[in-house]
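Inside the fold
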Protein chains: 2
Amino acid sequence: MPSVDLAKRAYDHSWRLDPIVRSLLDTDFYKLLMLQLIWRRFRDVPVTFSVINRSTSVKLAAEIDEAELRAQLDHARTLRFTNRELIWLGGNTFYGVKQIFTPDFLAWLSTYQLPEYELARTEDGQYRLTFSGSWADVTLWEIPALSIINELRARGALARLGRFELDILYSRAKTKLWEKIERLRKLENLSISDFGTRRRHGFLWQGWCVEAMKAGLGDAFIGTSNVLLAMNNDMEAVGTNGHELPMVVAALAGDDDNALRDAPYRVLEEWRQTYHGNLLVVLPDAFGTEAFLADAPSWLAEWKGFRPDSAPPIEGGEIIMDWWKSKGVDPKDKLLVLADGLDVDTIETAHAHFKGRVRTSFGWGTNLTNDFRDCAPVETPELSPISLVCKVTQAAGRPVVKLSDNRAKATGDAAEIERYQRVFGEAGRDRREVRV
Amino acid sequence: MPSVDLAKRAYDHSWRLDPIVRSLLDTDFYKLLMLQLIWRRFRDVPVTFSVINRSTSVKLAAEIDEAELRAQLDHARTLRFTNRELIWLGGNTFYGVKQIFTPDFLAWLSTYQLPEYELARTEDGQYRLTFSGSWADVTLWEIPALSIINELRARGALARLGRFELDILYSRAKTKLWEKIERLRKLENLSISDFGTRRRHGFLWQGWCVEAMKAGLGDAFIGTSNVLLAMNNDMEAVGTNGHELPMVVAALAGDDDNALRDAPYRVLEEWRQTYHGNLLVVLPDAFGTEAFLADAPSWLAEWKGFRPDSAPPIEGGEIIMDWWKSKGVDPKDKLLVLADGLDVDTIETAHAHFKGRVRTSFGWGTNLTNDFRDCAPVETPELSPISLVCKVTQAAGRPVVKLSDNRAKATGDAAEIERYQRVFGEAGRDRREVRV
C-alpha cells in the first residue's frame, strides 16, 4: 500500500481555486423564505445591496487580494441550484409545514444565478462591493458575499501558519467550543440554533461546529440557519425574515410619511399571507422597537413570537413581554428568539432570566462559528471577526434606511435617517458597541 | 476526483493487525547502549525479565484480550533491524561521538530477533509475561512489552468512543500539551528531552508529542529517548544506562557481600571502558543513593553527571551536589538529569531551585506522552497511565533485587531484599507514592 496517494496529491497541487461557496444552498434559510415573498410580490423593484465593513480599522483591501476576491465571486456566479437541492427544498417539511416553496417559485430558482457585481477599491483601504438589479435577483448575494470576504480574510492568516501551528489552532478552537457546549448542556429546556453563516471562519469549520452542537446538545440543538448544512446533516433549516423587507417596503412608500409609518406592518401582512404557523416571528427593530410596538396592530399578538435583534436581550425581551401582556396575551405561550451578539455568558444569563416566564430560543452566531480568540500560537489579527454586513442601500431609486435599536447600527442617507427618526420617534434607541 | 479513496478504504478494513511496535528501533536508546556492553561482557548470563503491574487495582487480564496481546507480541518477534536502521546506528554521531556502536556489534544486531515469551493469566486478574534466555537476547523485550500493553489498554478505551468523542479527546490532549510547552518555553536555558516511550499512550501520539516539543521549544528540546523517533525526526537519541546493569551484576556477586557492595561501581567501571564523554552519567539509586555515595570512588566525580531516579528531584539533587562539593568539584560544571515522575510544575520548581548552581536536564516521561486526564468526553479509566515495569527478576539462577530510594519501588525476593538492605544500609530510603 503506498503511503502517498499520488492521484490525490497531484490533484491537491493543481487546484485552480478552493471554492469558498460550494452551493447556492450555502446561505441562510431566511433569504430563501424572503426571496419567495419578494419574487411573488416585489420581484422587479430595482435595488442595490452594498457590503459595509463597520470595523473600519481593518483595511480589507490590504488584507484580501483583489484577484482572489474576484475569482471567488466569479465562482459563486457559476453555481446553480442542483436538482437534488430543488427536490429537497420542494419535498422537505420546514417548521412542520410541507411544500413551503411553491412549484412555480422552485421552477424559477432552477434557472437562477447570482447576478453581476461591482468591485472597486476605496481611498480608505476598503472594497466597494455592490450588487444592483431586480430585488429577486440581487438579494441572494448577501450571504455568499459575506462568507467569501470573511473566509478570504481568515485564509490570509492561515497561510502564514506552519503545519503545526495550524494543528494547535484547530485543536484549541475545538476544545474551546466543546467547553462552551458542555456549559450549554447544563441549561434545562435549552433551544438553540446555529446562526453563524455570515460571520463564520470558513465553511468547513462551520460544518464542524454544527456537528459538534448536534453531538453535544442533542435535541436542544434545533437546527442551523445554513440550508446546505441543514440538508447535509438532515437537520432543520431555521430562520424567518430579516430587515431588508421593511427597509425596502419603507423606501417604496416614497415621500408619504403615513405609508412609511405603515410599512413595517404592511410587510408583516404580506408575510402572513405567504407563511403561517412557526414562521410567524416578528422582527420589530428595523426602525426602533418602541415605535413599532406603539402602533402595532393587535393581530401581531397572535404570532408565534418576536426576534428582538439589536436591543440587549433582557431589556429587549422585557419590552416585548410587556406588550404581549398589554394585549392580554400570556408570554408563557410565546417565543423570544434571541440572536444578537450572543456567547455562552449571555445565553446563560438570558436563559435564567426568562426561565418559566416566556419560551426562548437562541440563534448563536459569530461566537459559535468564528471564535478563534487566543487559539493561534502567533498573532493573527485577521482571525478576529469583523462587523461586516451586506445591506440593501437603494430601492426604487431612493436611499434605504435602517434605524435599529442601536444607533451604531443605523445605516442610510443622513437626510432620510432624519426623516425616519421624525416619523418613528426616538424612543428606546441607544448607542452601544456593535458586537460582531 | 472521487471523494473516497476506494483502495485505501478497502485496505483499512482488511487489516489483520495494526502493529503497535513497528521497528526494533522503537525502543529507548539506553537499551541499545546497555545491550552493547551486555553483549560484549555478559552476553550469556541467563536472565528472566518480568512485566510487573504495580497498579494492582487495574486488572490487565480483564482489560486486554489475550489473543490481541499474543498477536502484538508475535508481530514484534517478526521484526528485524533493517539495513537503513543499522547504517544510521553505525554512521550517526551520538553525544558528539562517532561510531559509538562497533561493527561487530552491529553485525550481531543485524541477525537479532526478540526471543520467545511466556504468557499466562494469574488468579488476581493480571498477566504473567516473562522473557527468559541469555541477557543479550532478552533485554530488548523491556520496551516493546511495555509499549504493547500500554497501547492495547488505551485502544480498548478508544474503541468505545465515537468519531466525535475521539476528535475532542485528541484536540484536548493537544491543547493541554501545547499549554505545557508554552509554560516550559519561559524557562531560561531549559534542557529537556522525551523519556516517555515506556508509558506512552501510543506510538503515533508519542510522535506527535515529539514534533510538538520540537516545534514549540526549539533547541531547548534536546532529543528523545526513542531511537526510531530520533532517526525519523533527525534528532538526538538520548539516554545512558539503567538499573538492570547494577542489578544483574549484583546478582552475579553470588553470596559474597563484598562483591555485592562493589557491584554498582564495577558496572560503572565497565561502562567507562565502553563509553566516555557525555555518556558518563551515573544512575546511583539501584540500592539507595546514600549508600552508593558513601562508598563511591573519587573518579566518579569526574563523570559528566548523575541521574537521581527515585528520590524527589530537589532532595535527590542536593545530596549529589553535596557529594560533588565533598570531592572538591564545582556542581556548576556538572549535570543533574532529572527524570522521575515529572510534570510542568515539578520541572518549573526544580529548574528555579537549581538555576545557576548546577546544570540540569529534564527527561520528561509519562506526563509528556500519556496525559489524557479530563480529555475524554466520557469516563475512560483505561486512559489513565499505570505503573507498569518490565524488570530483570532472575539472573544466573539467583533472584535479582532493586532497592531504590523509594521503598515502594523495591523489587525482588524478600530474603534477598533483606540481605541487600543489610549490605547497603537503610539511609535515605523512604516510601512514597509511585508517580507513573
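Only a predicted model underlies this, so the values are computations on that prediction, with no experimental measurement involved.

1. Some details on the nonpolar core
Judged by nonpolar contacts, the single largest core of 150 residues is most densely connected at A:Leu89, A:Phe101, A:Phe131, A:Ile192, A:Trp271, A:Leu300 and A:Trp364. For this core, the element with the most residues is helix α2 (residues 29-41) of chain A, which contributes nine residues. Core analysis: the second largest hydrophobic core is formed by 147 residues, B:Ala76, B:Val227, B:Val282 and B:Val400 among them.

2. Describing the packing of aromatic side chains
Within a pair of aromatic rings, the relevant descriptors are the distance that separates the centres and the angle that separates the planes. Residue and element names in this part refer to chain A. In the structure shown here, the tally under the stated rule is 56 aromatic pairs over all chains. Judged by centre distance (5.4 Å) and plane angle (85 degrees), the rings of Trp88 and Phe94 are edge-to-face. No difference in accessibility class separates Trp88 from Phe94, as the two residues are buried. Ring geometry for Phe292 against Phe306: centres 6.5 Å apart, planes inclined by 80 degrees, an arrangement best described as edge-to-face. Within this pair, whereas Phe292 is found in helix α14 (residues 289-295), its partner Phe306 is found in strand β9 (residues 305-306), the two being separated by 14 residues in sequence. When sorted by exposure, Phe292 lands in the same class as Phe306, which is buried.

3. Topic: the side chain of B:Asn150
Residues and elements named next belong to chain B. With respect to the element layout, Asn150 can be found in helix α8 (residues 142-158). Of the residues examined, Asn150 reaches a relative accessible area of 8% and is grouped as buried. Those residues in contact with Asn150 that lie beyond four places of it in its chain are Arg198, Arg199, Arg200, Ile386 and Leu388.

4. Remarks on the environment of A:Leu184
Residues and elements named next belong to chain A. Summarising the element assignment, Leu184 is placed in helix α9 (residues 163-184). Of the residues examined, Leu184 reaches a relative accessible area of 1% and is grouped as buried. For Leu184, the contacting residues outside a window of four places in its chain are Leu190, Ile192, Leu217, Val344, Ile347 and Trp364.

5. Notes on the interface of chain A and chain B
Residue-level contacts link 20 residues of chain A with 20 residues of chain B. Regarding the contact of chain A and chain B, the summed buried area is about 1900 Å², with carbon and sulfur atoms giving 62% of it. Our count for the chain A to chain B interface comes out at six salt bridges. Ionic pairing is found between B:Asp167 and A:Lys174, a salt bridge with its closest N-O pair at 2.8 Å. Listed by contribution, the elements that provide at least two residues to the side of chain A that touches chain B are α1 (6-13), α9 and α10 (203-217) of chain A.

6. Structural notes on the relation of the copies chain A and chain B
For the pair chain A and chain B, the best superposition has an RMSD of 0.1 Å and corresponds to a rotation of 179 degrees with a translation of 0.0 Å parallel to the axis. Put plainly, the chains are arranged around a two-fold axis. Ranked by how close their C-alpha atoms come to the rotation axis, the residues of chain A are headed by A:Ser171, at 2.1 Å.

7. Some remarks on the UniProt feature "domain: Nicotinate phosphoribosyltransferase N-terminal" (unreviewed entry) in chain A
On the UniProt side, "domain: Nicotinate phosphoribosyltransferase N-terminal" (unreviewed entry) is annotated at positions that read residues 25-150 of chain A here. End-to-end, the C-alpha atoms of residues 25-150 of chain A are 18 Å apart, and along that stretch the chain is 47% helix and 19% strand.

8. Digging into the packing of helix α9 (residues 163-184) of chain B against helix α16 (residues 344-354) of chain B
Helix packing for two helices is described by the angle between their axes and how far apart those axes are. Residue and element names in this part refer to chain B. Viewed as axis vectors pointing N to C, α9 and α16 meet at an angle of 5 degrees, and their least axial separation amounts to 10 Å. When the axes of α9 and α16 are compared, the pair comes out roughly parallel. Counting all contacts with α9, which are made through Lys180, Arg183 and Leu184, the residues of α16 involved are Val344, Asp345, Ile347 and Glu348. Taken together, the residues of the contact of α9 with α16 break down into three nonpolar, no polar and four charged.

9. A few points about the sheet that holds strand β4 (residues 118-121) of chain B
Residue and element names in this part refer to chain B. Read across the open sheet, the five strands follow the order β4-β5-β1-β12-β13; overall the sheet is antiparallel. Only two strands of the sheet have a single neighbouring strand rather than two, namely β4 and β13 (398-399). The pairing of β4 with strand β5 (residues 127-134) spans four bridges and is classified as antiparallel. When the bridges of β5 are listed, Ala120 appears paired with Arg128.

10. Brief notes about the pattern of salt bridges
As a working rule, side chains carrying opposite charge can pair if their charged atoms are close by. Residues and elements named next belong to chain A. Per the counting criterion, the structure on display carries 72 salt bridges over all chains. A salt bridge links Arg398 to Asp255, with the shortest nitrogen-to-oxygen separation between them at 2.8 Å. Of this pair, Arg398 sits in strand β13 (residues 398-399) while Asp255 sits in the loop between α12 (244-252) and α13 (257-274), and the two are 143 residues apart along the sequence. Taking relative accessible area as the criterion, Asp255 reaches 61% and is therefore assigned exposed. The network of salt bridges with shared partners includes Asp255, Asp257, Arg398, Glu416, Arg419 and Arg422.

11. As for the side chain of B:Lys174
Among the secondary structure elements, B:Lys174 is positioned in helix α9. Using a relative accessible area of 16% as the deciding quantity, one classes B:Lys174 as buried.

12. Remarks on the packing of α10(A) against α9(B)
Interaxial distance between α10(A) and α9(B) falls to 11 Å at its minimum, and their mutual angle equals 110 degrees. By the angle class used here, α10(A) and α9(B) are roughly perpendicular. Across the interface between the two elements, A:Trp208, A:Glu211, A:Ala212 and A:Ala215 from α10(A) touch B:Arg163, B:Phe164, B:Asp167 and B:Ile168 from α9(B).

What counts, and where the lines are drawn
- Residues numbered from 1 in each chain as written.
- Chains lettered and ligands numbered in written order.
- Predicted model: local features only at pLDDT ≥ 70, side-chain atom pairs only at ≥ 80, totals over all residues.
- Heavy atoms only, no water.
- Core = buried A, V, L, I, M, F, W, Y, C linked by side-chain atoms within 4.5 Å.
- Buried < 20%, exposed > 50% of the residue type's maximum accessible area, 1.4 Å probe, protein only.
- Helix = DSSP H or I, 4+ residues; strand = E, 2+ residues; numbered from the N terminus.
- Phe/Tyr/Trp six-rings, centres within 6.5 Å; stacked < 30°, edge-to-face > 60°.
- Contact = heavy atoms within 4.5 Å.
- Buried area = accessible area lost by both parts, 1.4 Å probe.
- Salt bridge = Lys/Arg side-chain N within 4 Å of Asp/Glu carboxyl O.
- Least-squares fit on C-alpha atoms with pLDDT ≥ 70 in both.
- UniProt positions renumbered as here; feature names shortened; annotations may be inferred.
- Axes fitted to C-alpha atoms, helices over the stretch in contact; angles between N-to-C directions.
- Parallel < 35°, antiparallel > 145°, perpendicular 65-115°, else oblique.
- Nonpolar A, V, L, I, M, F, W, Y, C, P; charged D, E, K, R; others polar.
- Pairing = 2+ DSSP bridges.

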